[in-house]
Every structure is written in structure tokens, then in C-alpha cells.
Protein chains: 2
Amino acid sequence: MQIFNTIKLNKNSTQHLYIQLYNQIKNLITNGDITHHTKLPPIRKLSNLLAVNNVTVVNAYKLLQQEGYVYKKVGSGTFVEDLNTKDLQSKLINEDIRSFSEEMNEAEITKDYLNTRSINFASTAPTPDLFPVDDFKIVLNEVLDRDKGNAFVYQESEGYYPLRESIKTYIQNYGINTDIENIQIVSGAQQGIDILSKSLVEYGDIVFTESPTYPGAISAFKSRAARIIDIPIEEDGIDIKTLQNKLRSFRPKFIYLMPNFQNPTGYSYSEEKKQRLLELAEEYNTFIIEDDYLSDLSFSENVNSTLKSIDSSNRVIYIKSFSKIFMPGLRLAFMIIPKSIYNEVLSAKHTSDISTSGLIQRAFDLYLNKGKWQKHIHHMEDIYKKRFDILVESINKYMPNEISWYIPNGGLNFWLSLPEGYSANELYKLSRKKQVVFVPGSVFFTDQRDSTHFRVSIASVYSKEIPEGIKKLSTLIEVFLKEYKNKQTAMDMYTPYL
Amino acid sequence: MQIFNTIKLNKNSTQHLYIQLYNQIKNLITNGDITHHTKLPPIRKLSNLLAVNNVTVVNAYKLLQQEGYVYKKVGSGTFVEDLNTKDLQSKLINEDIRSFSEEMNEAEITKDYLNTRSINFASTAPTPDLFPVDDFKIVLNEVLDRDKGNAFVYQESEGYYPLRESIKTYIQNYGINTDIENIQIVSGAQQGIDILSKSLVEYGDIVFTESPTYPGAISAFKSRAARIIDIPIEEDGIDIKTLQNKLRSFRPKFIYLMPNFQNPTGYSYSEEKKQRLLELAEEYNTFIIEDDYLSDLSFSENVNSTLKSIDSSNRVIYIKSFSKIFMPGLRLAFMIIPKSIYNEVLSAKHTSDISTSGLIQRAFDLYLNKGKWQKHIHHMEDIYKKRFDILVESINKYMPNEISWYIPNGGLNFWLSLPEGYSANELYKLSRKKQVVFVPGSVFFTDQRDSTHFRVSIASVYSKEIPEGIKKLSTLIEVFLKEYKNKQTAMDMYTPYL
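Student: When you look at the domain arrangement of chain A in this model, what are you seeing that I'm missing?
Tutor: It is common to give the size of an interface as the accessible area lost on bringing the parts into contact. Each assigned domain of chain A is listed with its residue range as follows: domain 1 (2-85) and domain 2 (133-371). Placing a centre on the C-alpha atoms of domain 1 of chain A and another on those of domain 2 of chain A gives a separation of 43 Å.

Structural data, given as C-alpha cells:
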């Protein structure tokens, strides 16, 4: 307790008392004055000591927990985190985890997750230490000095014109030639998908997706009461035969795809399948939404061309996210929209939030134009490539033979499978207790059915954690396979779809 | 031409050539080196002089036009703007104008609007010179130094916890007591309305609105294929008899209202009607969406309590915008959501854009906590009050007797009416040619029907422009009333709804 006597709160400050308290305890922790796994004083005791309301301490502890400095054990109190895993909290908040949580009982998982210090193979969001904050601060200030109040007016719904022009130039590096007039700025790729749903999907309309696919897209399509028809994806892309059969029977508004390093499988489309897809879109008069969330991150010599770059008949609606390779909190992405539907999309953007932050658009434009972008991408590639290689090595070394898996050419995701008849949901329940988390396949299926598959990602684990984490997971799987085999009743608890 | 010899472009700079050119011409204009209404050199001539591509000059001119430094005359070239009206461009980009444009032929109006130097009674967006940019820059930098990469992670979909707590405290000033757990941060009030539609309205569901009402809400409800039933608003609030009748026949998901300084009419609800509304919501088991876009801006001693502050049975969903009183480009607002629907709303927020910019949320939280907010509100009140008084005085002085109008107790909008049988759309067409713009009533009706009404706003006119603008408009109206009376054929062109 003694160390807490050093805390001084200023009741006349404009800063909330609980924020002051948060900051001071945080400093005690980061300076090493309180070591990890130390129990913090009980709420009443500390509030008496500091002569503040209980609520102030409650809120300070809550914030410390939210920011990853402490963890709670139900019934026994609040403890200081091991700071090596402090970044975990930020990783929690990302699309997969949320969709995941919604399915599996959000409150429970989030609590578990916050209170343990897990190794995180679940999240695909990069850790904050990878963000180019200093450079971005410079461009933000330059923009404020240059544009002053104009940085805070309603920006055009299409997006800030100079940024759209910079993007036109930038995207030529990816072999895509577009007019500025086809570029629509959005507040992140999720908003892009949502706006496309809003402008193209009416009640009961049909859309096609890959199976498995990104759960955020499923939510957006479901919010428009779309009928989703999912088509299996193979290692070289969507199953063309099934697609063709479905196209004969249904008239989808669009086909939603991730042609490079698909989420969750990591599969990339062959050039043949890309060509065939474009032909089918033309033949059956439909659009393809290409969600390019990560094609930048290639680790092989293979070509990872986008569909859009070979789209000669304007069938592809292209969405490009900066969240995985830059900073998710920027809430910035762009789309390339065929002229025939541009006005509907623009109108849906306007109805959704009028416009994307002009300040962020202007700052990002300057960031691109200063040539900082390429430098940053290379930096991220180096880091991810290292993790990628270590993960491949660790899986090869530790993973039981019964597990099948696929090595992608790039990206952040690995798709692993248990033997037939085993439930990835059940494996997850076991492993989260043991503080290794990943995402079970059920999250990525339209009907959220259980399966043998699970996704392991490298965005939120540090290189040094990977071997330990995979070793631990492998041991767990061995135990799981044995126990599960013996437990026929458990096996009856779900129906495997294979 | 000589002055253009002083322009020096640096082809090795990371800044686009066209941006460099834009900046230098802009400086020539703002320094007075090129006087207003001077013709700029033809594109080819300037590109030869500077040894750059034609496109560079085209883009620089385009940007100068977008930013309001020049205007184009079709067939005769590009001319320097009269800088007193340069701020017009920023005013263009706001919700009313866009909805308006969509209805009346967007391209045409926008072009007209950009090329003329009108007095702008149309926009409700504050001009950029009113934004507290310097103070906001300070808090942005403090946040970046304090939170570093954490400012750019995916923020929680509910919003940044400390901001939600600050808002809980802030909103107590408005008599509203809420738990932090009921507060949802959104990217502007338009997104709030859109998310509520998404979470509460299914295909064919019924919603009630005031008539006239905010067109951005109509768009959001229509995007959910809602059936909109609009109920006339009177000077003391919605017509309760009609409301009650409609409630007997229909089961609306909610009633969308602006109880203080309603947009477009400026009407405020009496205390009796507020009470009655809450009783009816309870009796008929429905929600009320209170869009509080401006209750802060009161110019009288009258009470302008929010519905939410007297909502004892959790029937009110409260939306608070900061766009009109702070900075529209911030894209930040919040909602107070009854517990029974919080999870649906949160899920719709997540599907829409995952989360609102953490950087902006953190900076705004600091801005509130530093006590800068109150200072700013008072500043805005002073400015708007002055404009308000001058407008009232000018209308009294110049407006023909045939025009009826209403003096609100606060806010930014005045609702004026032509005599019966006269079309506000027709008046608009005349007046925009004469460079005074306002918004005709048709924009605010669900079916966009023409009417005798029009809205005059003070957000985007400077005090010194107001008397001149109203005088000009009054003269136009006199001419219009005379001419229109004589033109029976013109009157047959539309069907008046009265």
C-alpha cells in the first residue's frame, strides 16, 4: 500500500479525478514501482486513502483494465498485468473478434479474454507499436496549418478531391487504371461493404459469397435482408462449377470475393479462375465486389494481381482497406465504382454519414504525397514476413500430424483443420482456458455452423511469442484429440457439416 | 499574363505540381496581385509558359474553383472570385443542399451555385472561420503524445470509454441523467439516424415524422423501405390530434422529432405537448427519436428543455449533434439509447463502420475536459445572436406584407411563406439567378411536394451581408408576386398542396 501514498490528485484540475488516478497508477506500473501480478488495493481502501468517491477508483481500475494495465480475478481483486502482453487489449477490438463474440456469447468471451493474458492468434489487427504515429502527427499538423477551418467543413461525400487524385496515381502501382470520378472515399472497408449493400441490395435480393468468408460482410448483407448463397472456396479460388450452376438458377446482385489471401483461408485465386469469373459476371450480368484487404502483403514471387486490374468490362467494384497494413483507427478506405452505379453508391454514402472526416483525408493525402507510404509498407512487410516464417517453422515443428493446414503466399491468416468429426468450437473452449486464442471456423460461415476448421493469424502476436504459442496450442490439440475421441457424448453435441 | 511569370514549380517536390500551382495562384489572388473578375490565362497558354502538362493546369484550376477562388463561365474561361464570397464553397457541402440538389437536378444547381457569388441563406453549416482550430490542434497533439499508437487502434464500437463518461457529465447540464452504458458514440447525427433505422426498421415498417422535417432522416428511413407517415407540425409542436388518430391506426417503430427549433420551421414544443407525447409513446408502446441538433442555441428566456430530460419511462432515443455548434467535419455525435434496444443499435453501429475514429473521440474528450467547450458555445451564441437580430430587423424592414413568417426562440432557421397558390420552387429558380439562395420547402416534405414555404438560415451568411441579402430577396419577391399572378399558365404547372 505504501507506494499508493505517493499519489496526489488535484480536485481543481479540469482533468477527471479518475483519469488522474489512472495516469498515476499507470506510471507506477510502467516504471516498475508496482510489479506484475501485484494485487491493487481494494476499492474502498484506496478511496479512503485518497479521500475520493468509490466511483473514482472503480472508474480508474476499469480504465486500467481496458487499457491492459491490470486484470481482474472474480472474487479476489484487481492485479497488475504482465506488461509484455499489455497490447492484447487493443487487439480485442477488431471485426473478427466482435463477430466471433456475438456468436459464442460475447460477454463471457470478452471477460475471459480480458482477464487472462492469452497469446493472441485470433486478431487480424496490427499492434499499435507498428503504427507510424510520429510521421502521421507531422502531416496532421501540416494540414491544420495549411487548411485551418477548411479541414473541418463537411467534406464532399465523394471524398476530398486531391486525395482521390492521389489514389488514382497510387493504385496504378497495382495495375489499376481508373478515373478520379470512379473513386469513392469511405470510412473504412466495412462501411464500403455496408454502403454497397445499401445501394444495391433490396429486401430478399440474392448475393453470392465465398464460403467461408468475412463475417462483417455477412452482417452487412443480412442487415439488408439479403438471401446469401455461399459457394465453397478451393485453394485456387471459388468453385467455378458450383458458381456456374448457381448462376443458372439465381440472379445475384453481386458476388463478394477476396481474390488474394482470402479471409479466413489465405487462399489466392489462380489467373485462370480470375479470368473465368470476369467472363461469368459478364455473361450473367452481375457485379463482383473485390475486397482487397491485403493484396499488398505478398511473401512469394507469385503474381497477386487484383481482379480489378484485369477488369476490362467494368464488372468489378473494388474496395481497398488500409486497416491491416496501416492503422485501423484511421477509419479510411476507398472504392472504385463502375460509372453505372456511382450515383446510387454516392447517395448511400451520403445517407450513411454525409462524408468521411476531411481532416483524416487531408492528412492521409499528404502522407501519400510525401512518399512515406512506401517506406511504411516495406516496414510492415519485413515485420509480418518474419512472423510468417516463424509461424510456418513452428507449425511444422510442433503441430500434430492429424492437423492439416495450408501455407498461403502472403497475408496474415493460416487455415488449419482438425480431423473429420472434431469440433473447432470445442477446441476453442478448451484453449481459451489455457490462454491461447484463435478463431474457430464457425465465425466465417453464413449459418455459423461448427466445423473442423480454425484460423490462426500473425497480426497480433510478436515473433518471440509464436513458437511458445504454437507449441502450447499443439499440446492442447493432442490432448483434445485424445479426450474428444473418448467422449462420444460430446461428439453428439454438434452436427458436423463436411 | 506577366504576373504568372512569377510562378515557380518544383518538379522534384513531393507535392503534386498542380497543388503547387494551385497554392501559388491562390496566393496571387489572396494577396490582391490578381484582382477579382480577372480572367485567368487559357489552359494551353499557361501550361506552355510553365512547361507542364495541360492536365496540371486543368487540375489546379479545378481545385481553385472547388475552393472558391475562381469561377468558370462556360465558353469564356476562368475568372477570379470576389473573395468576400469565397467561403460559399464550403457552405455548399452540407446535408440540406445535397438533398435539395438531388431533388431539383443536382448538376445544374451545383454548377449555378459554384459559378455565381450568391448570398447564402440556404446552408445551415457554420463557416470555417468560426471553428476553434487552434484549440483543437492543441488537444490533438496532446492526445497523440499521450496515447501514441493507441489513438489509432479499433476503438470500441460503443465509443471511447472516457469520452462516454465525459458526455454523461456534460449532458447533466441539459437536465439529462443517463448511465454511461446507454451512451453510444456515432460518426455524426446522420449516422445516428441511419443506425437507428438499421436496427429498428424492417422492410415495410411504419415510422412517423413531423411534416416538414429534415430530409436526411427521410432518406435514411426510405433506405430501409419504411412507410413514412408525416404529421403536421404547429407552432407549439406536432399536431397531437392527428398524431393520436394515426397512432390508433398504425404501429410505428418510432416517431422522429426535433422538439427545439425544429428544422426547417424553427418551432419549439410547448411543455404540454412534450408531456403528452411521452404519454402517447407509453400508451402506444413506441419510441421517440429526439434529434437535438441545436437546443443549445436559445436566444430567449424560454425554457428549451429536451424531451429526454423529462423521459421517465425510457421512451426517448436521444441524438445530439455537434455539427452546427462546433465543427461539422469532426463527424462526431452521440446517442442515448434505452437499454432494451442498446444491443441491436450497437450491432448496427458495428456493421456500419466498426467504430468512430478513436483519435477524434480522444481529442474531443480532452477538449471537453479542458473546459474549452463552454467558452466556444458562448462565442457561437454571440455570433449567431447578432445575425439572428439583424435578420429579424431586416425582415421586418424589407419583406413585403404578403409574406408571413415566424420568429423562433433560437436556432438558425426562419420559416417564411408566400401567399396561398404561389410556388416556393418557382421563387427559388428566380432568386438563384439573382444570386440570393435559400431552401424551398419542397426539400423538407416526404413527397417533395412544392409548397408556399421556404427556409432562410443564418449559419452561412455574415452579419454585414444580411440586410443587403434580405433587401434583395424582398425586391425579388415583390417582382415574383406580381409576375406570377399574371402568369396563370405558370401557376398551372404545379399542384399546390395547402
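Student: What am I meant to see in unusual backbone geometry here?
Tutor: Residues other than glycine predominantly adopt negative phi, and peptide bonds predominantly adopt the trans conformation. Cis rather than trans, the peptide bond between Asn263 of chain A and Pro264 of chain A has omega equal to 10°. Tracing the backbone shows Pro264 of chain A in the loop between strand S8 (254-257) and helix H12 (271-283). The step from Ser211 of chain B to Pro212 of chain B runs through a cis peptide bond, and the omega angle for that step is 0°. Checked against the element boundaries, Pro212 of chain B lands in the loop between strand S5 (206-211) and helix H10 (215-223).

Student: Please explain the interface of chain B and chain A as it appears in this structure.
Tutor: Contacts between the two partners involve 62 residues from chain B, matched on the other side by 62 residues from chain A. Those elements that provide at least two residues to the side of chain B that touches chain A are helix H3 (54-66), helix H5 (95-104), helix H7 (133-147), helix H8 (161-172), helix H9 (189-200), H10, helix H13 (339-353) and helix H14 (358-369) of chain B. Among the elements that line the side of chain B that touches chain A, the one with the most residues is H13 of chain B, at 5 residues. Looking at the side of chain B that touches chain A residue by residue, the classes come out as 25 nonpolar, 25 polar and 12 charged.

Student: Whenever I open this one, the sheet that holds strand S13 (residues 413-417) of chain B confuses me. Can you help?
Tutor: Hydrogen bonds between backbone groups are what pair the strands of a sheet, and the pairing can be parallel or antiparallel. All names here are of chain B. Taken in spatial order, the 4 strands line up as S12-S13-S16-S15 in an open sheet, and their pairing is antiparallel. Because the sheet does not close on itself, it has two edges, and the strands there are strand S12 (404-406) and strand S15 (439-440). Relative to S13, S12 runs antiparallel, the two being bridged by 3 bridges. Note that in S13 the partner of Ser404 across the bridge is Ser417.

Student: What is the right way to look at H3 of chain B in this model?
Tutor: The periodicity of an α-helix, 3.6 residues per turn, causes residues three or four places apart in sequence to face the same way. The end-to-end C-alpha separation of H3 of chain B is 18 Å, in line with the 18 Å expected for 13 residues at 1.5 Å each. Taken together, the buried positions of H3 of chain B are Thr56, Val57, Asn59, Ala60, Tyr61, Leu63 and Leu64 of chain B. Contacts from the buried residues of H3 of chain B go to helix H8 (161-172) of chain A together with helix H1 (17-30), helix H2 (43-50), strand S1 (70-73) and strand S2 (77-80) of chain B. Directly beyond the C-terminal end of H3 of chain B, a positive phi value near 90° is found at Gly68 of chain B.

Student: It is not clear to me how the nonpolar core should be interpreted in this structure. Could you clarify?
Tutor: Generally speaking, soluble globular proteins have nonpolar side chains that are buried together. One finds Ile288 and Ala363 of chain A together with Ile288, Ile317 and Ala363 of chain B to be the most contacted residues of the largest nonpolar core, which totals 262 residues. Leave out the neighbours within four places in its chain, and Ala363 of chain A touches Phe136, Val139, Leu140 and Val143 of chain A.

Student: How should I be thinking about the confidence of the model for chain A in this particular structure?
Tutor: In low-pLDDT segments, the atomic positions of the prediction should not be examined closely. Residues and elements named next belong to chain A. Of all residues in chain A, 89% have pLDDT values of 70 or greater, and the mean over the chain is 87. Low pLDDT (under 50) marks residues 84-116, which in the prediction has 71 contacts with non-local residues, meaning those over four places away or in another chain. Confidence drops under pLDDT 50 across residues 488-498; counting only partners more than four residues distant or on other chains, this segment forms 11 contacts.

Student: Honestly, the environment of Gln15 of chain A in this entry has me stumped. Any pointers?
Tutor: The topology assignment puts Gln15 of chain A in the segment before helix H1 (17-30). On a C-alpha basis, the gap between Gln15 of chain A and Asn120 of chain A in space is 34 Å, while along the polypeptide they are 105 residues apart. Setting aside anything within four residues of it in sequence, one finds Gln15 of chain A in contact with Gln20 of chain A together with Asn369 of chain B.

Student: How should the packing of H9 of chain B against H13 of chain B be read in this particular structure?
Tutor: The description of two packed helices rests on the angle between their axes and on the distance between the axes. Residue and element names in this part refer to chain B. It is at 8 Å that the axes of H9 and H13 come closest, and there the two elements cross at 115°. Handedness of the crossing formed by H9 with H13: right-handed. The residues of H13 that touch H9, namely those facing Gln191, Asp194, Ile195, Leu196, Lys198, Ser199 and Leu200, are Ile341, Glu344, Val345, Ala348, Lys349 and Ser352. Within the contact of H9 with H13, the residues separate by chemical class into 6 nonpolar, 3 polar and 4 charged.

Student: Please clarify how the relation of the copies chain B and chain A should be interpreted in this entry.
Tutor: Two chain copies, one operation linking them: a rotation about an axis together with a shift along it. Mapping chain B onto chain A is achieved by rotating through 180° and translating by 0.0 Å along the same axis, at an RMSD of 0.2 Å. The operation mapping one copy onto its partner corresponds to a two-fold rotation axis. Taking the C-alpha atom as reference, chain B places Tyr203 of chain B closest to the rotation axis, 3.4 Å from it. Of the residues that chain B buries at the interface, 100% are likewise interface residues in chain A, meaning the two copies contact each other through the same surface.

Student: Explain the environment of Glu234 of chain B to me, please; I cannot follow it from the model alone.
Tutor: Within the element layout of this structure, Glu234 of chain B appears in strand S6 (residues 227-234). For the pair Glu234 of chain B and Val52 of chain B, spaced 182 residues apart in sequence, the C-alpha separation works out to 61 Å.

Student: Can you walk me through the pairing of strand S4 (residues 183-186) of chain B in this structure?
Tutor: Side-chain positions along a regular strand alternate between the two faces of the sheet. All names here are of chain B. Burial along S4 is two-sided: the face carrying Ile183 and Ile185 and the face carrying Gln184 and Val186 are both buried. Inspection of the sheet shows S4 paired to strand S11 (residues 333-336) by 4 bridges, in the antiparallel sense. Counted as the bridge partner of Gln184 is Met335 from S11.

Student: What's the story with the sheet that holds strand S16 (residues 453-457) of chain A in this structure? I'm lost.
Tutor: Residue and element names in this part refer to chain A. Strand order in the open sheet made by the 4 strands is S12-S13-S16-S15, with antiparallel pairing throughout. Edge positions in the sheet fall to strand S12 (404-406) and strand S15 (439-440), since each has one partner strand and no second. As paired elements, strand S13 (residues 413-417) and S16 share 5 bridges and run antiparallel to each other. The partner of Asn413 across the bridge, within S16, is Ser457.

Student: Explain the pairing of S8 of chain A to me, please; I cannot follow it from the model alone.
Tutor: Residues and elements named next belong to chain A. Here S8 shows a buried face lined by Phe254 and Tyr256 and a second buried face lined by Ile255 and Leu257. In this structure, strand S5 (residues 206-211) lies alongside S8, joined through 2 bridges in parallel fashion. Within S8, the residue paired with Phe208 across the bridge is Ile255. Bridge count between S8 and strand S9 (residues 287-292): 4 bridges; the pairing is parallel. Within the sheet, the bridge partner assigned to Phe254 lies in S9 and is Phe287. The handedness of the S8 to S9 crossover, carried by H12, is right-handed.

Student: Hey, could you run me through the packing of helix H11 (residues 240-249) of chain B against helix H12 (residues 271-283) of chain B in this one?
Tutor: All names here are of chain B. At their nearest, the axes of H11 and H12 sit 11 Å apart, and the two run at 5° to each other. Considered as vectors, H11 and H12 are oriented roughly parallel to each other. In contact with Ile240, Leu243, Gln244 and Leu247 of H11, H12 contributes Lys273, Arg276 and Leu280. Its residues assigned to classes, the contact of H11 with H12 shows 4 nonpolar, 1 polar and 2 charged.

Student: Got a minute to help me understand the environment of Lys429 of chain B in this structure?
Tutor: All names here are of chain B. Following the sequence through the fold, Lys429 ends up in helix H16 (residues 424-433). Note on Lys429: 15 C-beta atoms within 10 Å, which makes it partly exposed. C-alpha separation for the pair Lys429 and Ile228, spaced 201 residues apart in sequence, amounts to 28 Å.

Student: Hey, could you run me through H1 of chain A in this one?
Tutor: In this model, H1 of chain A (14 residues) spans 20 Å end to end at C-alpha, consistent with the 20 Å of a helix rising 1.5 Å per residue. For H1 of chain A, the secondary structure elements touched by its buried residues are helix H3 (54-66) and strand S2 (77-80) of chain A together with H8 of chain B. Immediately beyond the C-terminal end of H1 of chain A, within one or two residues, lies Gly32 of chain A, with a positive phi of roughly 85°.

What counts and what doesn't
- Residues numbered from 1 in each chain as written.
- Chains lettered and ligands numbered in written order.
- Predicted model: local features only at pLDDT ≥ 70, side-chain atom pairs only at ≥ 80, totals over all residues.
- Domains from an automatic or database assignment.
- Helix = DSSP H or I, 4+ residues; strand = E, 2+ residues; numbered from the N terminus.
- Contact = placed C-beta atoms within 7 Å.
- Nonpolar A, V, L, I, M, F, W, Y, C, P; charged D, E, K, R; others polar.
- Pairing = 2+ DSSP bridges.
- Expected span 1.5 Å × (residues − 1).
- Buried ≥ 20, exposed ≤ 12 C-beta atoms within 10 Å, placed from the backbone.
- Core = buried A, V, L, I, M, F, W, Y, C linked by C-beta atoms within 7 Å.
- pLDDT = per-residue confidence, 0-100.
- Axes fitted to C-alpha atoms, helices over the stretch in contact; angles between N-to-C directions.
- Left-handed = near helix turned anticlockwise from the far one by under 90°.
- Least-squares fit on C-alpha atoms with pLDDT ≥ 70 in both.
- Right-handed = clockwise from strand over helix to strand, strands pointing away.
- Parallel < 35°, antiparallel > 145°, perpendicular 65-115°, else oblique.

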